[in-house]
Amino acid sequence: MTHELAIGDRTYSSWSLRGWLAFAGFNIPLTTRKARMYSPEFAALLADFAPARLVPAARINGTVVWDTLAIAETLAELYPEKHLWPAAPTARAHARAIVAEMHSGFVALRSACTMNLRHSYAGFTPKAEVLADVARVEQLWESCAAHDESGGGWLFGHYSLADVFYAPVATRIATYNLPVGPRAQTYVAKSLAFPAFRRWRAMGLAEGFVQPGYDLDLPSSPWPGPTPLAARAVEGKAAINTLCPYSGKPVAANALLEIDGQVIGFCNPFCRDKTLHDPEAWPETMALLTGR
């Protein structure tokens with residue numbers, strides 16, 4: 001099976017994150033095509049996924065499917081063995097209900113707290129409407145406990161499309177330090193530590209693009225996700241590998257990274273930089289390091 005996914009800016013596009021996690025969160029292979037939002041390239045990208053007008057848009061086995069909910073349901077049909085929805089009918093119904101509510105609601109939270117994976121702000125003051133949305137999110141998360149199928153810490157025990165759809169909310173709570181109780185905070189931490197999400201955020205940071213109008217004039221605190229393993233870009237050193245751990249292409253002289261005193265080479269600076277921002281999110285690189 002072959003799948004393509006059109007996305008916008010990884011740092012800012014919450015819909016793109018949901019679409020990507022619907023694939024990556026369940027190890028469904030795909031080719032990602034990206035363009036910066038509000039650019040001519042973005043319009044050209046979407047034209048190739050007509051009649052879609054927004055990201056994410058997918059081409060699943062040659063058929064264009066757009067809207068995150070449609071993409072999610074299509075993948076659930078194609079890959080029943082991956083259990084994208086909870087197995088029990090009552091849990092599955094509950095999951096679909098909370099996903100549909102996220103898909104269509106929470107306007108105040110979305111509007112006042114746009115996704116921004118670059119910052120965790122100190123001093124943001126949410127309006128009453130935002131706090132009401134956050135309280136409703138907590139209520140929904142609490143309601144899932146009765147349908148927990150495995151005790152794995154996700155909304156329904158094991159990772160499901162419900163967690164995909166609420167991942168951008170978890171990032172908003174982290175970015176704007178929105179007030180939630182201990183159980184919700186534990187869930188947010190689990191979402192931020194999810195390997196697929198860590199890779200997504202690292203790629204966004206590696207792109208280094210700042211979308212005008214998305215940053216707030218507030219002080220920032222350290223990102224509340226897992227602390228990245230220390231790494232630094234280097235030049236003129238010998239890499240312990242000859243082929244890029246991601247592409248299998250030859251290592252480039254301008255794409256070297258030092259981790260734990262060992263130099264890993266990549267095929268281009270982007271592969272280096274996405275690893276630089278969170279080395280432990282990339283098992284292919286970690287497998288090259290000796291003594292780990």
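Look up a bit, the structure's there.
The sections below set out a description of the structure shown in this document.

With that out of the way, let us pick up the packing of aromatic side chains. How two aromatic rings sit relative to each other is set out by the distance from centre to centre and by the angle between their planes. Summed over the entire model, instances satisfying the criterion amount to 13 aromatic pairs. Residues Tyr12 and Tyr214 carry aromatic rings whose centres are separated by 4.8 Å and whose planes lie at 55° to one another, so their mutual orientation is tilted. Highlighted residues: Tyr12 in the loop between β1 (3–7) and α1 (14–24) and Tyr214 in the loop between α9 (195–207) and β6 (220–221), separated in sequence by 202 residues. Grouping residues by exposure puts Tyr12 and Tyr214 together as buried. Ring plane angle 25° and centroid distance 4.2 Å describe the contact between Tyr159 and Phe194, whose orientation is recorded as stacked. Pair noted here: Tyr159 is in the loop between α6 (128–143) and α7 (161–176) and Phe194 is in the loop between α8 (182–193) and α9, with a separation of 35 residues, a long-range link. Take Tyr159 and Phe194: they sit in the same class, and that class is buried. By the ring-pair criterion, three or more aromatic residues cluster together here, those being Phe26, Trp141, Trp154, Tyr159, Tyr166, Tyr187 and Phe194.

It is a probe the size of a water molecule, rolled over the atoms, that shows where empty space is left. Taken as a whole, this structure holds two cavities of 30 Å³ or more when the rule is applied. Quantified by volume, the largest cavity comes out at close to 50 Å³. Lining the largest cavity are Arg18, Met102, Phe106, Leu109, Arg110, Phe165, Pro168, Val169 and Arg172. Broken down by secondary-structure element, the contributors of at least two residues to the lining of the largest cavity are α5 (107–112) and α7. Sort the elements by how many residues they give to the lining of the largest cavity and α7 lands first, with four residues. A per-class count over the lining of the largest cavity returns six nonpolar, no polar and three charged. When its volume is computed, the second largest cavity comes out at roughly 40 Å³. If you go around the second largest cavity, the residues you meet are Leu21, Trp154, Tyr159, Asp163, Ala167, Ser191, Phe194 and Phe197. Grouping the amino acids of the lining of the second largest cavity by side-chain chemistry returns six nonpolar, one polar and one charged.

Here we take up the pairing of β1. Taking burial as the measure, the five residues of β1 include four buried ones, the bulk of the element. Across four bridges, the pairing between β1 and strand β3 (residues 57–60) is antiparallel. In the strand pairing of β3, Ala6 is matched with Ala57. Across four bridges, β1 lies against strand β2 (residues 31–34) in parallel orientation. What sits directly across from Ile7, in β2, is Lys34. Handedness of the β-α-β unit built from β1, α1 and β2 comes out right-handed.

An order of β7-β8-β9 is seen for the three strands of this open sheet, with the pairing classed as antiparallel. Edge positions in the sheet fall to β7 (232–234) and β9 (262–265), since each of these pairs with one other strand and no more. Within this sheet the neighbouring strands show an average axis-to-axis angle of 40°, counted without direction. Pairing analysis gives four bridges linking strand β8 (residues 256–259) to β9, with the strands arranged antiparallel.

The end-to-end C-alpha separation of α8 is 16 Å, in line with the 16 Å expected for twelve residues at 1.5 Å each. Within α8, the full set of buried residues consists of Ala184, Tyr187, Val188, Ser191 and Leu192. One side of α8 carries all its buried residues, which in axial view fall inside an arc of 135°. Set apart from the buried face of α8 by more than 90 degrees, the exposed residues are Pro182, Arg183 and Thr186.

With that settled, the discussion passes to the packing of α1 against helix α3 (residues 68–78). Helix-helix packing: each pair is described by the crossing angle between the helix axes and the interaxial distance. Relative to each other, α1 and α3 sit at 0°, their axes nearing to 10 Å. As the angle between them shows, α1 and α3 are arranged roughly parallel. On the side of α1, the interface is formed by Trp15, Arg18, Gly19, Ala22 and Phe23, while α3 contributes Thr68, Ile71 and Leu75. A per-class count over the contact of α1 with α3 returns five nonpolar, two polar and one charged.

Rules used in this analysis
- Residues take numbers from 1 onward in each chain, read along the sequence in its written order.
- Under the rules for a predicted model, residues below a pLDDT of 70 receive no local features and side-chain atom pairs below 80 are neither given nor counted, while totals for whole chains, interfaces and linings still include all residues.
- Excluding hydrogens and water, the side-chain values take into account all heavy atoms of the structure.
- Any two of the Phe, Tyr and Trp rings considered here, Trp counted by its six-membered ring, make a pair once their centres fall within 6.5 Å; the pair's planes then place it as stacked at under 30 degrees, edge-to-face at over 60, or tilted in between.
- Secondary structure elements follow DSSP: runs of H or I of four or more residues count as helices, runs of E of two or more count as strands, with numbering from the N terminus.
- Only protein chains enter the area calculation, which uses a 1.4 Å probe; residues under 20% of their type maximum are buried, those over 50% are exposed, and those in between are partly exposed.
- Throughout, the protein atoms alone are placed on a 1 Å grid, and a set of points is a cavity if a 1.4 Å probe fits but cannot get out or a pocket if it is open with protein on both sides within 12 Å along at least five of seven lines; lining residues have an atom within 4 Å of a point.
- Grid points are joined across faces, edges and corners, and a volume is the space filled by probe spheres set on the points.
- As a working rule, the residues Ala, Val, Leu, Ile, Met, Phe, Trp, Tyr, Cys and Pro are called nonpolar, Asp, Glu, Lys and Arg charged, and the rest polar, with Gly in that last group.
- Pairing between strands requires that DSSP locate at least two bridges from one strand to the other.
- Handedness rule for crossovers: strands pointing away from the viewer, path from the first strand over the helix to the second running clockwise, crossover right-handed.
- Angles run from 0 to 180 degrees between N-to-C directions of axes, and those axes are lines fitted to C-alpha atoms, restricted for helices to the stretch in contact.
- Any helix carries an expected span of 1.5 Å times its number of residues minus one.
- The arc in question is formed by the directions pointing from the helix axis toward the C-beta atoms.
- Roughly parallel covers angles under 35 degrees, roughly antiparallel covers those over 145, roughly perpendicular covers 65 to 115, and oblique covers all other angles.
- Note on contacts: a residue pair qualifies if any of its non-hydrogen atoms lie within 4.5 Å across the two residues.

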